[in-house]
Amino acid sequence: MSAYIIRRCLIGLLLILMVTIFVFLVMRLLPGDPIYIYMSANALDRLTFEEIVKLRHQYGIDRPMIVQYFDWMGKIFRGDLGESMFYQAPVAKLVKDRFPISLEISFIAWIFGDLLGLLIGIIAALKWGKWIDTVSIGMSYLGITIPSFWLAILLIYVIGLKLGWLPLSGWTSPAVDLGEHIKHIIIPVFCLAVAGIGGTARLMRSSFLEIIRQDYIRTARSKGLQESLIVWRHALKNSIMPIITLMGMGITTIFAGSYIIETLFSIPGMGMLTVSSLFNHDYAVVQFSALLTAFIIIMANLLVDISYTWFDPRIRYQ
Amino acid sequence: MGEKSIAAAEIQEAPPRTTGWNQTLKVFFTRKLVVVGFVLVLIFVLMAIFGPWLTPYDPYQIDTENTLLQPLTKGHLLGTDALGRDTLSRLVYGSRTALTVGIITIAIGTTIGVILGLLAGFFGGATSMIIMRLMDMLLTFPMLLLALLISGILGGGIQNVIIALTLGSIAPYSRVVNGQTLSVKENDYIIAAHAVGANDARTMFSHILPNILPLIIVLSTMQIGGLILAEASLSFLGIGIKPPGAAWGSMINDGYRYLLTNPALSFAPGICIILVVFGFMMMGDGLRDALDPRLRGTL
């Protein structure tokens, strides 16, 4: 098992390196010069040629690409994340402020989406063919097909504008006002989670229906076990395997969703930072954001694969 | 000559081919929701094809005297946007954008993904290592970020959106096809094909591919919906089709500014997206049941 984890970590490291090279190259293929974008954003149109050359030198973008890459990578390993050209601040500081916000929203959306989906799927399967089943399946299809940003707009309109129950957008730190904080994240978290709820519910229902017809469930019933024990112990653990796989993939979906949702709700998280830095050609920020995203996705998938062994002890990794 | 006539006689004596196609169609149309999905997709496809003949107005025609009309105004069923363009006409043209992107992307993405997956699964070793690691890399990268980067380099426009989304859609296919190829190639008939002298290409494309084709068809149909969603997200973020082109995502974004007074501008395109994505998903479900019921519970 530990050999397997070490090997997976090494492969993960390789993947992260590939992602960084890819993003590094692609960022430099973007048309437009970061210095000019920085200049126009700060109304510095009277910079002389010498000053531009100096700025280029200061940020090291006048050197060959391969030198830039190794310099950046070397610094990352020493804990120096580089300097944002656009914000004129160290990337580490930008990330330190924004990452916890994104992590909170994404993590809550991930867990909430999967748990709720699991519950809806099981209830639908238990009430197979009844109206609850029909409604749950209809809702889960709606969850998968609805564009998250459109749902966000709909909820802003109904709950924010018409009913006035929740704030439209923005962000309050939990340290300042916990109640306001929760009010601000309800709609974004729900919008991020909704695809996960639908997908999990649909898959859980069919997986559960498959398992509940197995022989060992009949055996459990015939020996007089309580129905609740059969559902929660015997059937759940065996039908949950496909859901675990889906959860691993769900991480990527939620990250992608957070780019749009954070921008839409003006939540100062990594998603909004990445999208705006992409438009601003802020090399160091986008590169580190991609590295961080790849790291989280790889780690989450490793955890998912390890958790298989707990749900199904027959699975062994060498 | 003699040999040929024997073969012909054998063919005539052989039982008539079981009508697999009819059976497939029958299963496909049993579930009501699948029929609903099929009809929805059909409606949108017809709308996309016959758009210019259906729309009452030119979707690009700016009319400064009739801006931001409410739905059900006389002459404009769904009202007009901030430039006085007819919303219904733009919705019809938006279906062209969505379906073009969805279908072309899936065609290219599937083809490349399937070939890469077949190669990796069939040859194994270093080939598999290189291909699958590249695919893993693409998978550890949110598709939207990839599309954002690529449209950033190539600029907006429908063809660049297709390129960006294609790159994002290759990896899942190659992964599935790789796994399937690995299991199919252990079958005796593959060894038999080799024994009678089939070369690698023939084994791959005539013996392995037909066995995984149902899975690919089902997966592609389900994926089209996801790609239409991705296209909408891109054009919502302002990347993708350039103005004045009509895309549902950018229509939602344009209408967002007038949410308080004209909510229909944002809501109508979203409903179109939901309907068409739902249609493709249901069709995928129906195809799965009809082509390969064993996939139930996994897809």
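Conventions adopted
Residues numbered from 1 in each chain as written. Chains lettered and ligands numbered in written order. Predicted model: local features only at pLDDT ≥ 70, side-chain atom pairs only at ≥ 80, totals over all residues. Helix = DSSP H or I, 4+ residues; strand = E, 2+ residues; numbered from the N terminus. Contact = placed C-beta atoms within 7 Å. Buried ≥ 20, exposed ≤ 12 C-beta atoms within 10 Å, placed from the backbone. Nonpolar A, V, L, I, M, F, W, Y, C, P; charged D, E, K, R; others polar. Core = buried A, V, L, I, M, F, W, Y, C linked by C-beta atoms within 7 Å. Expected span 1.5 Å × (residues − 1). Bend = angle between axes of the 7 residues up to and from the residue. Axes fitted to C-alpha atoms, helices over the stretch in contact; angles between N-to-C directions. Parallel < 35°, antiparallel > 145°, perpendicular 65-115°, else oblique. pLDDT = per-residue confidence, 0-100.

S.K.: Got a sec to walk through the overall build of chain B? Specific residues and values, please.
M.R.: The number of helices and strands found in chain B is eleven helices and zero strands. Ordered by position from the N terminus, the helices and strands of chain B form the series α-α-α-α-α-α-α-α-α-α-α. Within chain B, contacts between residues separated by at least 24 positions form 70% of all contacts whose residues are at least 6 apart in sequence.

S.K.: Give a detailed account of the overall build of chain A, specifying residues and quantitative values.
M.R.: When helices and strands are tallied, chain A shows 13 helices and two strands. For chain A, the spread of C-alpha atoms along the principal axes amounts to about 85 × 55 × 35 Å. Classification of the 318 residues of chain A by burial places 37% in the buried group. For chain A, long-range pairs separated by at least 24 residues make up 73% of all intrachain contacts whose partners lie at least 6 apart in sequence.

S.K.: Run through the interface of chain B and chain A, naming residues and quoting values.
M.R.: Contacts between the two partners involve 34 residues from chain B and, on the opposite side, 33 residues from chain A. For the side of chain B that touches chain A, the elements supplying multiple residues, two or more each, are α5 (125–139), α6 (143–154), α9 (200–236), α10 (248–256) and α11 (264–291) of chain B. For the side of chain B that touches chain A, the element with the most residues is α11 of chain B, which contributes eight residues. Counted by class, the side of chain B that touches chain A contains 24 nonpolar, eight polar and two charged residues.

S.K.: Give me the nonpolar core: which residues, what numbers.
M.R.: One broad rule of soluble globular proteins: the nonpolar side chains tend to lie buried together. In terms of nonpolar packing, the biggest core is built from 149 residues, with Ala-152 of chain A together with Leu-146, Ala-147, Ile-228, Ile-273, Val-276 and Val-277 of chain B touching the most fellow members. With 16 residues, helix α8 (residues 178–212) of chain A is the single largest residue contributor to this core. With residues near it in sequence (within four places) discarded, Ile-273 of chain B still touches Pro-147 and Trp-150 of chain A together with Ile-228, Leu-229, Ala-232 and Trp-248 of chain B.

S.K.: So what's going on with helix α3 (residues 32–54) of chain B? Residues and values would help.
M.R.: Residues and elements named next belong to chain B. The end-to-end C-alpha distance of α3 is 28 Å, clearly below the 33 Å that 23 residues give at a rise of 1.5 Å each. Approximately 55° is the largest bend angle found in α3, and it occurs at Ala-48, with the proline Pro-52 only one to four residues beyond. Among all positions of α3, only Val-34, Gly-37, Val-41, Phe-44, Met-47 and Ala-48 are buried.

S.K.: Requested: an account of unusual backbone geometry, with residues and values cited.
M.R.: All names here are of chain A. Notably, Gln-88 is not glycine yet its phi reads approximately 55°, a positive angle. Within the secondary structure, Gln-88 sits in the loop between β1 (83–84) and β2 (89–90). We classify Gln-88 as exposed; it has 9 C-beta atoms within 10 Å. One non-glycine residue with positive phi stands out, namely Ser-266, at about 50°. Relative to the helices and strands, Ser-266 is located in the loop between α11 (241–264) and α12 (270–279).

S.K.: If you had to explain the packing of α9 of chain B against α11 of chain B to someone new, which residues and values would you point to?
M.R.: Residues and elements named next belong to chain B. One way to put it is that α9 packs onto α11 with a least axis distance of 8 Å and a crossing angle of 170°. Taken together, the axes of α9 and α11 lie roughly antiparallel to each other. Where α9 abuts α11, its residues Pro-214, Ile-217, Val-218, Thr-221, Met-222, Ile-224, Gly-225, Ile-228, Leu-229 and Ala-232 lie against Ile-273, Val-276, Val-277, Phe-280, Met-281, Met-283, Gly-284, Leu-287, Arg-288 and Leu-291.

S.K.: With reference to specific residues and values, describe the packing of helix α5 (residues 91–126) of chain A against α12 of chain A.
M.R.: All names here are of chain A. Running from N to C, α5 and α12 cross one another at 125°; their axes reach a closest spacing of 7 Å. In terms of their interaxial angle, α5 and α12 are classed as oblique. For the pair α5 and α12, the contacting residues are Leu-94, Arg-98, Phe-99 and Ser-102 in the first and Met-270, Gly-271 and Leu-273 in the second. Each residue belonging to the contact of α5 with α12 can be placed in one class, and the counts come to four nonpolar, two polar and one charged.

S.K.: Report on the environment of Arg-96 of chain B, specifying residues and quantitative values.
M.R.: All names here are of chain B. Assignment of secondary structure puts Arg-96 in helix α4 (residues 87–123). Residue classification places Arg-96 among the buried positions, given that 20 C-beta atoms sit within 10 Å. Considered as a pair, Arg-96 and Phe-50 are 46 residues apart in the sequence and their alpha carbons are 9.5 Å apart.

S.K.: Now, about the environment of Tyr-38 of chain A: what can you tell me, with residues and values included?
M.R.: Residues and elements named next belong to chain A. Within the secondary structure, Tyr-38 sits in helix α2 (residues 34–41). Along the sequence, Tyr-38 and Pro-167 sit 129 residues apart, while their C-alpha atoms lie 33 Å from each other. In contact with Tyr-38, other than residues within four places in its own chain, are Met-85 and Phe-86.

S.K.: Before we move on, can you summarise the environment of Ile-187 of chain A with the specific residues and values?
M.R.: All names here are of chain A. As for its position among the elements, Ile-187 is in helix α8. A sequence separation of 20 residues divides Ile-187 from Pro-167, and the C-alpha atoms of the two residues are 9.2 Å apart. Not counting residues within four places of it along the chain, the set of residues in contact with Ile-187 comprises Ala-152, Leu-155, Ile-159 and Leu-166.

S.K.: Requested: an account of helix α7 (residues 148–162) of chain A, with residues and values cited.
M.R.: The first and last C-alpha atoms of α7 of chain A sit 20 Å apart over 15 residues, in line with the 21 Å expected at 1.5 Å per residue. Approximately 30° is the largest bend angle found in α7 of chain A, and it occurs at Ile-156 of chain A. Taken together, the buried positions of α7 of chain A are Ser-148, Phe-149, Trp-150, Leu-151, Ala-152, Ile-153 and Ile-156 of chain A. If you follow the buried residues of α7 of chain A, they end up packed against α8 and α11 of chain A together with α9, α10 and α11 of chain B. A positive backbone phi angle near 65° is found at Gly-164 of chain A, which sits one or two residues after α7 of chain A.

S.K.: Quick rundown of the confidence of the model for chain B? Include the residues and the values.
M.R.: Residue and element names in this part refer to chain B. With 90% of its residues at a pLDDT of 70 or more, chain B shows a mean pLDDT of 81. Confidence, read as mean pLDDT per element, is least for helix α1 (residues 2–13) in chain B (46) and greatest for α4 (91). Contacts of residues 1–17 to residues separated by more than four positions or lying in other chains number zero contacts, the stretch itself having pLDDT below 50.

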